[in-house]
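Fold and contact review
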Number of protein chains: 2
Amino acid sequence: MSANEPGSATIVTAAILVIGDEILSGRTKDKNIGYIAEYLTNIGVDLREVRVVSDVAEDIVAALNALRHRYTYVFTTGGIGPTHDDITADAVAAAFGVTIDHDPRAVAMLSERFSPAELNEARMRMARIPAGADLIANAISKAPGFHIGNVYVMAGVPSIMQAMLDVIGPTLRTGVKMLSDTAQAGLREGDIGGSLAEIAKAHPDVSIGSYPFWSQTGPDTNIVVRSRDPEKLLAAMAAVKAMINSERQRLGFSK
Amino acid sequence: MSANEPGSATIVTAAILVIGDEILSGRTKDKNIGYIAEYLTNIGVDLREVRVVSDVAEDIVAALNALRHRYTYVFTTGGIGPTHDDITADAVAAAFGVTIDHDPRAVAMLSERFSPAELNEARMRMARIPAGADLIANAISKAPGFHIGNVYVMAGVPSIMQAMLDVIGPTLRTGVKMLSDTAQAGLREGDIGGSLAEIAKAHPDVSIGSYPFWSQTGPDTNIVVRSRDPEKLLAAMAAVKAMINSERQRLGFSK
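Please read all numbers here as calculations on a predicted model, not as lab measurements.

**Some points on the domain arrangement of chain A**
Put simply, an interface is often sized by how much accessible area is lost when its parts join up. Along its sequence, chain A is carved into domain 1 (13-171) and domain 2 (179-250). Domain 1 of chain A and domain 2 of chain A are separated by 38 Å when their C-alpha centres are compared.

Dropping the structure here:
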């Protein structure tokens, strides 16, 4: 049974590795983690872990090797530009133990945008691709990303990363999509914690999360029920809604 | 020489561990990493790594143990509320190999907000604190965070996390602050990559980052120079600015 076949119980997992001092210094606020997380959830890939590391080769190599052996896919963002602090491609080559050099396919892509005079040594850095990698087209600025083994190397600039993810997405193996449904309780999280724990125990194949927030009327809670099985999701959500109604009555709220 | 003494060369490092399925599913977009990153940079603590893990005890324990042995401080966010999916305190106790129970100081804090009838089993979960930990006051919703060893456990709700960080900040050991200065090149990143690499080589104690963006006039680049030594920062920035002027002249831009 193929992993792409509906009904397959295969779970496909992923990690994100964000590379860049600018995120760790707080100077740049990351916008890629949330975007990729939502994208992967929507196509049936489970994001299990995210790491952010600085522009230090050994840290990138260590994180990459830890993640690529553990998850189906690893997606990196950042560090593939034309300047000296862009060391991601070299770190990926080191992690896989392969050589790295100018790739004629990448040079051809860059030549679509840059004249021979503009294609200086700095820009040619963006054509350095680990041996054995396939390129990921970049519709926006032409400099490609690449993938090698289960690692996908993307730009850090959000618009370019998103364009690359649109290229990658359809090529990924996906599992049964995680379904989710949300009920707004109209109650404080602490009022329903006990009952919610009982429901969670009675529905072991369903993940139930509780997220407090402030609504217009005061403290409130979203209950998010998640499962790969639509019937189990429905049953758990029915139990959650019945519990909310009963707790609201008990606490004297209008229906 | 104390690490807090100005002029001390001591470097104080930190990691952030974000705990929560809601971030990995993309349902909630993290706002804490960027905030803590900026906060730590401003007080002279170097954020070196960030990890995001799901609400799975063994994943939290493994990440926590990896990070707390490597960095001066670890800051966690998320998973300390009143519901069954809030397992951070138990995971921290497990990572440190200590017991966990209701802490009378935490119960007293919760009693400031909740009546005895409201202080149900779910809310009492928020008073479960690992043995040997100190509490972190929470001005907003009273339920405390805590710290044990070099690990600081904070709420995931941004307003509460920020209030807790304001309590923690003044108690931290800090190193010599990383200084930074930015020059807007008015040039494409690839035009200055070669010259920038030479400057970086000539100023080894200074970190030089290059961040492309789109300004009103087209592709542009911010050059960020960072150092703990103000004189070295000044010298590197002077070299960057001279290089920018010379490259702009060479490429026919107005001064």
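**Some points on the side chain of Ser-141 of chain B**
Residue and element names in this part refer to chain B. Mapped onto the fold, Ser-141 is located in the loop between β6 (134-136) and β7 (145-148). With relative accessibility at 16%, the residue Ser-141 sits in the buried group. A distance of 2.8 Å separates polar atoms of two side chains, one belonging to Ser-141 and the other to Asn-138. Every residue in contact with Ser-141, bar those within four places of it in the chain, is listed here: Arg-113 and Ile-160.

**Observations regarding the relation of the copies chain A and chain B**
Taken as rigid bodies, chain A and chain B are interconverted by a rotation of 180° and an axial shift of 0.0 Å, the fit giving an RMSD of 0.0 Å. Taken together, the rotation and translation relating the two chain copies correspond to the operation of a two-fold axis. Considering only C-alpha atoms, the part of chain A nearest the rotation axis is Arg-51 of chain A, at 2.2 Å. Here 100% of the interface residues in chain A have copies in chain B that are interface residues too; the copies meet face to matching face.

**Remarks on helix α3 (residues 57-68) of chain A**
Residue and element names in this part refer to chain A. Helix length check: α3, at twelve residues, gives a terminal C-alpha distance of 16 Å against a target of 16 Å (1.5 Å per residue), a fit within 8%. Among all positions in α3, only Asp-59, Ile-60, Val-61, Ala-63, Leu-64, Leu-67 and Arg-68 are buried. Of the surrounding elements, those touching the buried residues of α3 are β1 (13-19), β2 (46-53), β3 (73-77), α4 (88-96) and β8 (151-154).

**Description of the sheet that holds strand β10 (residues 207-215) of chain A**
Residues and elements named next belong to chain A. With antiparallel pairing, three strands are arranged side by side in an open sheet as β9-β11-β10. The sheet terminates laterally at β9 (179-184) and β10, the two strands that pair on one side only. The sheet shows a mean angle of 25° between the axes of neighbouring strands, taken without regard to direction. Summarising the sheet, β10 and strand β11 (residues 218-227) pair through nine bridges and their orientation is antiparallel. Bridged to Phe-213 within β11 is Asp-220. On the sheet, helix α8 (residues 189-202) packs against β10 and β11 and is oriented at approximately 165° with respect to β10.

Criteria and thresholds
Residues numbered from 1 in each chain as written. Chains lettered and ligands numbered in written order. Predicted model: local features only at pLDDT ≥ 70, side-chain atom pairs only at ≥ 80, totals over all residues. Heavy atoms only, no water. Domains from an automatic or database assignment. Helix = DSSP H or I, 4+ residues; strand = E, 2+ residues; numbered from the N terminus. Buried < 20%, exposed > 50% of the residue type's maximum accessible area, 1.4 Å probe, protein only. Polar contact = N/O pair within 3.5 Å; in protein donor to acceptor, adjacent residues only side chain to side chain. Contact = heavy atoms within 4.5 Å. Least-squares fit on C-alpha atoms with pLDDT ≥ 70 in both. Expected span 1.5 Å × (residues − 1). Pairing = 2+ DSSP bridges. Axes fitted to C-alpha atoms, helices over the stretch in contact; angles between N-to-C directions.

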